Each structure stands twice: as C-alpha cells, then as structure tokens.
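Spelled out, the chains give:
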Amino acid sequence: MLTLVTGCRGRVGSALAALLHQGGHAVRAASRNPAGLSLPTGVPAVACDLGDPATFPAALEGVDSVFLYAEPAHIDAFLAAAQAAGVRHIVLLSSSSVLVPDPASNPVAASHHAVEQALTASPLTTTLLRPGAFATNAYQWSGAFRSGHSVDLPYPRSEGAPIHETDIAEAALAVLTDPALQGAAYHLTGPESLGAAEQVAVLASASGSPVTVNAVSPAAWKEAMAPFMPEAIADGLLAYWVLTDGAPAEVTGDVEKLTGRPARTFDSWAAEHAAAFRART
Ligand SMILES: NC(=O)c1ccc[n+]([C@@H]2O[C@H](COP(=O)([O-])OP(=O)(O)OC[C@H]3O[C@@H](n4cnc5c(N)ncnc54)[C@H](OP(=O)(O)O)[C@@H]3O)[C@@H](O)[C@H]2O)c1
C-alpha cells in the first residue's frame, strides 16, 4: 500500500513520511519544492502543488492513500485525479476551527471547511484530523525571546491546548495504517489548557530566558501583524481569542485513542525546542 504525503517541507508532513518509512510502509513524499526535501534514504520525492492540477496525475500514480493539506482552490480536480489513480483513502490535515457554529463564514475555518465538504461528498473514504492550536505557534514569540524584547499579547489569558506536531504525525500514521480508525473525524488537542501568558512562562523556564509579557490593545497587535498576516485572518484570530479569553480550552482524548499514549505536554515541547527561545548573549 503506497501513501502519498503532501506538504513534506512542513513539520507534520516530514515527520509522517519518516514514521511511515520507519514502520515499513511504502511512502512517496510530495512538496511544492521536492528538491528542498531532506528525506530518509529510500523515500522517493515528487512534485505536488495543490494549487497546480497539472502536478496531480504523476504524484498520484499507483497511490492507495493520501495525507492531504487543506488547500481548497483545486480540491475537485485533486479528488478526480485521486479517483482516476485508484486512491481509496484520504486523511485530511484539517483544523478544529471547523467546529465553530458557522465555519463557512469564519476566515480561519473556511478553507478547511470547504475541503472537508468536498472530501465527504466524494466516494473516497475520508478521515478528518482536526487539530487545535499547534505548539509550533509559539515560534511567533521566539524573536522576542532571542532579542530580549517583551512578548506582546492582546489577550494574555486566552487559553488553548497546544498540540505537539509529533502527536499529529503519529495520529496520522495510526489512521493511515489501521482501517478500523478510518472514515471518522478526530479533534486532536494537547493534554492541558494553558493561557497564552502561561505558555510564555513555560518557554521562559525551559529556555532560561527571562521575558516579560506586555498586554497590548487588539488594534495595536493587528497593526504590528499587518506585514505578516492578511487582515481577515488577524480579525478571525482576535475574534477567537475574545471567545477563549479566560475560558479553558477543550481537551480531548483523541490523540491517545489513535496513538495509544497520552498527548505530549507543552512543557515537553518547550524543553525540546528551548534552543529557539534562548536569548542571544
Ligand atoms: N498552526 C496551527 O495552530 C494550526 C491549527 C490547526 C490546523 N492547522 C493547519 O495545519 C496546516 C499546517 O499548518 P502550519 O502552521 O504548519 O502551516 P504552514 O507552515 O504555513 O504550512 C506548511 C505546509 O503547507 C504545505 N502547503 C502549503 N501550500 C501548499 C500547496 N499549495 N500545495 C501543497 N502543499 C502546500 C507546505 O508544503 P510544501 O512547502 O512542502 O509544499 C507545508 O508542508 C495548515 O493547513 C493549517 O491551517 C494549523
């Protein structure tokens, strides 16, 4: 059984390709830039740009299952090419943002929701992985840590249950390799709810770099983010943080259900990635 893993320059895709290979499963690693991949020996690379349907047939040839990033632009063409190639099962890296009441009109959820809708309307077996906030989102604060600046937060008490990227990859491995887990949706979270300022404190402790949290207005945060983030996404995040301000995030057992062991803590993520948060001397 051959699995195509899209997005292999990403942390989840690259970890999953390595896990499949280690487990003796045939895997083909896809990326918009396959030359930029560093893969275990024996894993072939292929070009697959979800924004360019011309890349689909060669990437999908002989493939039985796909790990897919949520890019809606050409999802119908991708599904048609997958069916033509004989694909049986698609695992989507979706998002728990689709669980909001009206995901189609939510700027953060809409693209994931559109791809979920297309997949569930297709005859292919579809498994939806819906992670909440990635622990890797903490990298947004690494520059402040390294340069000794404060971390500016519009909602320091906004809570999330950050999930380790390896847990997402291991969950994907489980659903790709165990038919009993396929055809369902899973809400993946970390094991505990933590406020944004609490996450900063965990990183400070792990890295040994003292840092102060500076509560800023939503307008000031949005202005600072303008060069890096579309306005609609910034507005969507701010609206989400209003809802999660001081409200414990839902913690599910879906990582353990899929992988057989508890989700990794944010403390463990911070310890593994402490070097990225160490102040320059
Ligand atoms: N960050 C979070 O808190 C969070 C929470 C829930 C869900 N998610 C979702 O998880 C996914 C990854 O998140 P991230 O934060 O790691 O994002 P990211 O760093 O922006 O995305 C990196 C990945 O997206 C792939 N990709 C992007 N455009 C692509 C295209 N046109 N065709 C094929 N692959 C494409 C890249 O693959 P190549 O460069 O190798 O082609 C790469 O693997 C996103 O869909 C995101 O919405 C994120």
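Worth saying up front: this structure is predicted, and the values here are computed from it rather than measured.

Caption draft 1: Structural view of the packing of helix 8 (residues 218–225) against helix 9 (residues 231–244). The contact between helix 8 and helix 9 brings their axes to 10 Å, and the two run at 145°. Seen from above, helix 8 lies across helix 9 with right-handed handedness. Residues Pro218, Trp221 and Lys222 of helix 8 form the contact with helix 9, whose participating residues are Glu231, Ala234, Asp235, Leu237, Leu238 and Trp241. A per-class count over the contact of helix 8 with helix 9 returns six nonpolar, no polar and three charged.

Caption draft 2: Region of interest: the sheet that holds strand 6 (residues 125–131). Spatial strand order, 3-2-1-4-5-6-9: seven strands in an open sheet with parallel pairing. Only two strands of the sheet have a single partner each, and these edge strands are strand 3 (45–47) and strand 9 (185–188). Taking the axes of each pair of neighbouring strands and ignoring which way they run, one obtains an average angle of 20° across the sheet. For strand 1 (residues 2–5) and strand 4 (residues 65–69), the ladder comprises three bridges, and the chain directions are parallel.

Caption draft 3: Local environment of the site of the ligand. As a structural note, the neighbourhood of the ligand is formed by 20 residues, with Gly7, Ser31, Arg32, His112 and Asn137 the closest of them. Within the backbone of Gly10, a nitrogen or oxygen atom sits 2.9 Å from an oxygen atom of the ligand. Separating an oxygen atom of the ligand from a side-chain N or O atom of Asn137 is a distance of 2.7 Å. When the ligand is considered free in solution it has 880 Å² of accessible area, and contact with the protein chains removes 73% of it. When the residues that make up the shell around the ligand are grouped by side-chain class, the tally is eight nonpolar, nine polar and three charged.

So, how was this worked out
- Numbering of residues starts from 1 in every chain and runs along the sequence as written.
- With the structure being a predicted model, the display of local features is reserved for residues of pLDDT at least 70 and the display and counting of side-chain atom pairs for 80 or more, all residues being used for whole-chain, interface and lining totals.
- The basis for every side-chain value is the complete set of heavy atoms in the structure, and neither hydrogens nor water enter the calculation.
- Each axis is a line fitted through C-alpha atoms, and for a helix only the stretch in contact is used; angles between axes span 0 to 180 degrees, taken between their N-to-C directions.
- Secondary structure elements are defined from DSSP: runs of H or I of at least 4 residues count as helices, runs of E of at least 2 residues count as strands, and each element is numbered from the N terminus.
- Each crossing is labelled by how the near helix is turned from the far one, with a counterclockwise turn of less than a right angle marking it left-handed and a clockwise turn marking it right-handed.
- Working rule for contacts: check all heavy atoms of both residues, and any pair within 4.5 Å makes them a contact.
- Each residue is assigned to one class: nonpolar for Ala, Val, Leu, Ile, Met, Phe, Trp, Tyr, Cys and Pro, charged for Asp, Glu, Lys and Arg, and polar for all the others, Gly among them.
- The criterion for strand pairing is that DSSP finds at least two bridges linking the strands in question.
- We call a residue near a given molecule or strand whenever any one of its heavy atoms falls within 4 Å of it.
- Side-chain atoms alone can form a polar contact between residues adjacent in sequence; in general such a contact is a pair of N or O atoms within 3.5 Å, and within protein one must be able to donate a hydrogen while the other accepts it.
- Residue-level accessible areas treat just the shown protein chains as cover; the underlying method is Shrake-Rupley with a 1.4 Å probe.

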